Amino acid sequence: MRIQDVVASAVRNSFRNKLRTTLTVIAIFIGAFTLTITSAIGTGVSDYIDTQVTAIGTPGIFTISKATTPGIVSTGPATYDPNAAVSSGGSVIGPNGPTGLNGSLPALSKEDLATIGAVPGITAVNPLIAVTADYIQYANNGTYKLRVNTNAAISKASLAAGAQLDNSTADYQLLIPNTYLENLGYTDAVSAAGSVVTIGIKDYQRVAHTVTATVVGVQNDTLLGSGAELNTALLNELDSIQNSGKPATTAEGYSAATANFDPALSATDVQVLQKTLADSGYSAKTVADQIGTFQAVIDGIVGVLNAFAGIALLAAGFGIINTLLMSVQERTREIGLMKAMGMGSGAIYALFSLEAVFIGFLGSAIGALVAIGIGTPLSSFLSTTVLSGLPGLNILQFAPASIATIMGIVMFIAFVAGTLPASKAARQNPIEALRYE
Amino acid sequence: MAHVNLILEAQDIAKSYGQGSSKFDALSGVSLAVTAGESIAIIGKSGSGKSTLMHLLALLDEPDGGHLLVHGKDAVTFKKNELNRFRNEDFGFVFQQFFLIPNATVLDNVMLPLTIAGVGARERRERGMAALEQLELADKAKSKAINLSGGQKQRVVIARALVNNPKVIFADEPTGNLDSATGLVVEDILFKLNREKGITLIIVTHDADLAARCDRQIFMRDGREETTGTAK
């Protein structure tokens, strides 16, 4: 039998019992649809993260914090050390995410900074100053809470309008997130650039102070936090206000520090450097590492969804086995006839396996097409509404290669499922098959 | 010289089914030589072993004992695909229950042996239509097999058996499912093919009239041949 005849017969046979084939195809469809969507989310998110890293990541900078001891759960709390420094300031986004239930992060002392600076390969170390401002006000439009993004030092802002911060000037500058515009009373991002705002802050004795600063630009939200970014001059000014009146005995500590290294270092060399710092008890992370944590979370979620899709496909595989077994049963005589007429067992096997593969193809192709059909408009809808704060994020991206892979996998599962019925058909004895009532 | 025209030769062939106490000897030592162009009737009651004999001659099954020679060579020496090719190219089958694929067209059914042989689509259609015309069924080519009458179905089956220009047609109760008038028409077609095209006929039947029209009759009882007579 010619290959094209085997394929044509397999396709025709799969349409003989339309209802049964449709039901089996639906089962495969569900699995293939889910897989297509989850892989599109995976592609969309990692694509976005890649763009973010290249767009905002400053090469050659680590964020350094004290490595947290992961022993708390297994060994109970560590011994209290009254001399250990605790980070000052309020809510701090450290490299390990916000301070969790364990309370404050272990802080870096001046000695720590010196140790880090002495590590070969590190060119400069600067403590990451965390300031807690009370409010921000533009003109007389009321006061609003101001959240300061401590990651300013390690990233470039993704600007909606205006210019980047100038850290070498003595002028007070800040970048505000585009989400602040409406509340503060700006008509648009362009009108905000260059305006002057008032920042309110309390010192250590809870006495209120104000500082005026220039908004040099408006930035889009990024994964690294959604606060205002301040230039060095403004940051130092606010820090000195919040620490004025502080008793001299308080141990000074920093939640984190930034350390510069040669941006030309290769990825392996950077890892060696991270290893050296880790051995001394410091956790050093690049921007890519920090953004990578988000990717790990998304990957986890996508993985779980994929597992569900896998289960659906497994169930669908049994559906295929069932469908084809019934088909073999119904066509016992036909198989016997074809064998009597000289059709080889191999051709019979191919006929039924191809029928399974074709059912798999139908399910996966329809699943992928429907996923693209629903996902594409949904993705553009989401990026203009819910996800508009994250410009450049197309949550669903359908990559032809991954769709082809999914279809390949589904068809392979179908082929495997078809093995049992196909070999049953191939093993039929023509005489008994013809006698079969 | 006699060997040249000898198509099939059974030498003391035996076949049993089942094992142990349930062992059943369907055939216990039958010898038969089939010469090209003759018509043979295998007659007997059900359980006499006549169908088993036909299946063995048609290479659908292997004998447990004895030898079956195909063109003078023992069938066991042939490979599986060679046997498949024999059945496909040299044999045609006509069954009592027709065994047509119900939802396929008449033409598709007739072309089946050619499809299995791997003949190209165009040649397949030409030869299929030629076989249908021979049986005056060309106008039914596009009909579904399920929509035909019994006589038409059996003519389609004969067209299917003819389409590959076989040397032998095996017919298992070819008129068993037909009324006597239609049965007679089918018989006439088969014997005309035997006469005009020299196709060897091996007919399994319990119909004495049909058996009498054949050149030779093999009477089967309890897996053995009873007597061999020459009709007319």
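Residues numbered from 1 in each chain as written. Chains lettered and ligands numbered in written order. Predicted model: local features only at pLDDT ≥ 70, side-chain atom pairs only at ≥ 80, totals over all residues. Heavy atoms only, no water.

S.K.: I'm lost on the overall build of chain A in this one. Help?
M.R.: The secondary structure content of chain A amounts to 13 helices and 13 strands. The buried share among the 437 residues of chain A stands at 44%. Taking contacts inside chain A between residues at least 6 apart in sequence as the whole, the part at least 24 apart equals 81%. When the accessible surface of chain A is summed, it comes to about 20,700 Å², and 62% of that surface belongs to carbon and sulfur atoms. (Helix = DSSP H or I, 4+ residues; strand = E, 2+ residues; numbered from the N terminus. Buried < 20%, exposed > 50% of the residue type's maximum accessible area, 1.4 Å probe, protein only. Contact = heavy atoms within 4.5 Å. Areas by Shrake-Rupley, 256 points an atom, 1.4 Å probe, with all protein chains shown as cover.)

S.K.: Please explain the overall build of chain B as it appears in this structure.
M.R.: Looking only at helices and strands, chain B has 7 helices and 10 strands in total. Dimensions of chain B, computed from the C-alpha atoms along their principal axes, are close to 50 × 45 × 40 Å. Within chain B, the fraction of its 232 residues that count as buried is 54%. Summarising the internal contacts of chain B: among those between residues at least 6 apart in sequence, 69% fall at separations of at least 24. Counting every atom, chain B has about 10,700 Å² of accessible surface; 48% of that belongs to carbon and sulfur.

S.K.: Help me out: how do you make sense of the interface of chain B and chain A in this one?
M.R.: Note: interface size is frequently given as the accessible area lost on complex formation between the parts. The interface of chain B with chain A comprises 21 residues on the first partner and 19 residues on the second. Interface of chain B and chain A: buried area, both sides summed, is about 1,900 Å²; carbon and sulfur atoms make up 64% of it. Summed over the three residues of chain B that lose the most area to chain A, namely Leu60, Phe99 and Ile116 of chain B, the buried surface amounts to 30% of that side. Taken together, the connections running from chain B to chain A amount to 1 salt bridge. Residue Asp5 of chain A is joined to Arg124 of chain B by a salt bridge in which the shortest nitrogen-to-oxygen separation is 2.6 Å. Counting every contact that joins chain B to chain A gives 6 residue pairs in polar contact (both at pLDDT 80 or more). For the side of chain B that touches chain A, the secondary-structure elements that each account for two or more residues are α2 (80-90), β6 (91-95) and α3 (106-117) of chain B. Top element by residues in the side of chain B that touches chain A is α3 of chain B. It accounts for 4 residues. Looking at the side of chain B that touches chain A residue by residue, the class counts come to 10 nonpolar, 7 polar and 4 charged. (Buried area = accessible area lost by both parts, 1.4 Å probe. Salt bridge = Lys/Arg side-chain N within 4 Å of Asp/Glu carboxyl O. Polar contact = N/O pair within 3.5 Å; in protein donor to acceptor, adjacent residues only side chain to side chain. Nonpolar A, V, L, I, M, F, W, Y, C, P; charged D, E, K, R; others polar.)

S.K.: Explain the UniProt feature "domain: ABC3 transporter permease C-terminal" (unreviewed entry) in chain A to me, please; I cannot follow it from the model alone.
M.R.: When the UniProt feature table is mapped onto this chain, "domain: ABC3 transporter permease C-terminal" (unreviewed entry) is found at residues 307-430 of chain A. The straight-line gap between the two end C-alpha atoms of residues 307-430 of chain A is 43 Å; of that span, 81% is helix and 0% is strand. (UniProt positions renumbered as here; feature names shortened; annotations may be inferred.)

S.K.: Explain the sheet that holds strand β5 (residues 73-74) of chain B to me, please; I cannot follow it from the model alone.
M.R.: Two pairing modes exist for strands in a sheet, parallel and antiparallel, and in both the strands are linked by backbone hydrogen bonds. Residue and element names in this part refer to chain B. With respect to topology, 4 strands assemble into an open sheet ordered β2-β1-β4-β5, the strand pairing being antiparallel. Here the strands that pair on one side only, and so sit at the sheet edges, are β2 (24-35) and β5. With 2 bridges connecting them, strand β4 (residues 65-70) and β5 associate as antiparallel partners. Among the inter-strand pairings, Val70 is bridged to a residue of β5, identified as Lys73. (Pairing = 2+ DSSP bridges.)

S.K.: Can you walk me through the pattern of salt bridges in this structure?
M.R.: Any two side chains of opposite charge can pair, so long as their charged atoms come close to each other. All names here are of chain B. A full pass over the atoms with the stated rule returns 16 salt bridges over all chains. Ionic pairing is found between Arg213 and Glu187, a salt bridge with its closest N-O pair at 3.0 Å. Of this pair, Arg213 sits in the loop between α7 (208-212) and β9 (216-221) while Glu187 sits in helix α6 (residues 180-197), placing them 26 residues apart in sequence. Classification of Arg213 by relative accessible area gives partly exposed; the value is 30%. Via salt bridges that share partners, Lys15, Asp61 and Asp64 belong to a single interconnected network.

S.K.: Teacher, can you tell me more about the environment of Ser28 of chain B here?
M.R.: All names here are of chain B. Relative to the helices and strands, Ser28 is located in strand β2. Separated by 21 residues in the primary sequence, Ser28 and Gly49 place their C-alpha atoms 9.0 Å from one another. Residues within four places of Ser28 in sequence aside, it is in contact with Ile13, Ala14, Asp222, Gly223 and Arg224.

S.K.: Sorry if this is basic, but what is going on with the pairing of β2 of chain B here?
M.R.: The side chains of a regular strand alternate between both faces of the sheet. All names here are of chain B. Bridge count between strand β1 (residues 6-17) and β2: 9 bridges; the pairing is antiparallel. Looking across to β2, one finds that Ala14 is bridged to Ser28. Counting the residues that bridge the hairpin from β1 to β2 gives 6 residues, and of these Gly18 lies at a positive phi of roughly 75°.

S.K.: Would you mind showing me how to read the packing of aromatic side chains here?
M.R.: For any pair of aromatic rings, the description rests on two quantities: the centre-to-centre distance and the angle between the ring planes. Counted according to the given criterion, the structure contains 10 aromatic pairs over all chains. Judged by centre distance (5.7 Å) and plane angle (75°), the rings of Phe15 of chain A and Phe358 of chain A are edge-to-face. Residue Phe15 of chain A is found in the loop between α1 (3-14) and α2 (18-56), and its partner Phe358 of chain A is found in helix α11 (residues 345-384); the two are separated by 343 residues along the sequence. Judged by relative accessible area, which is 16%, Phe358 of chain A ranks as buried. An aromatic cluster is built from Phe91, Phe93, Phe95, Phe99 and Phe170 of chain B, whose rings are joined through pairwise contacts. (Phe/Tyr/Trp six-rings, centres within 6.5 Å; stacked < 30°, edge-to-face > 60°.)

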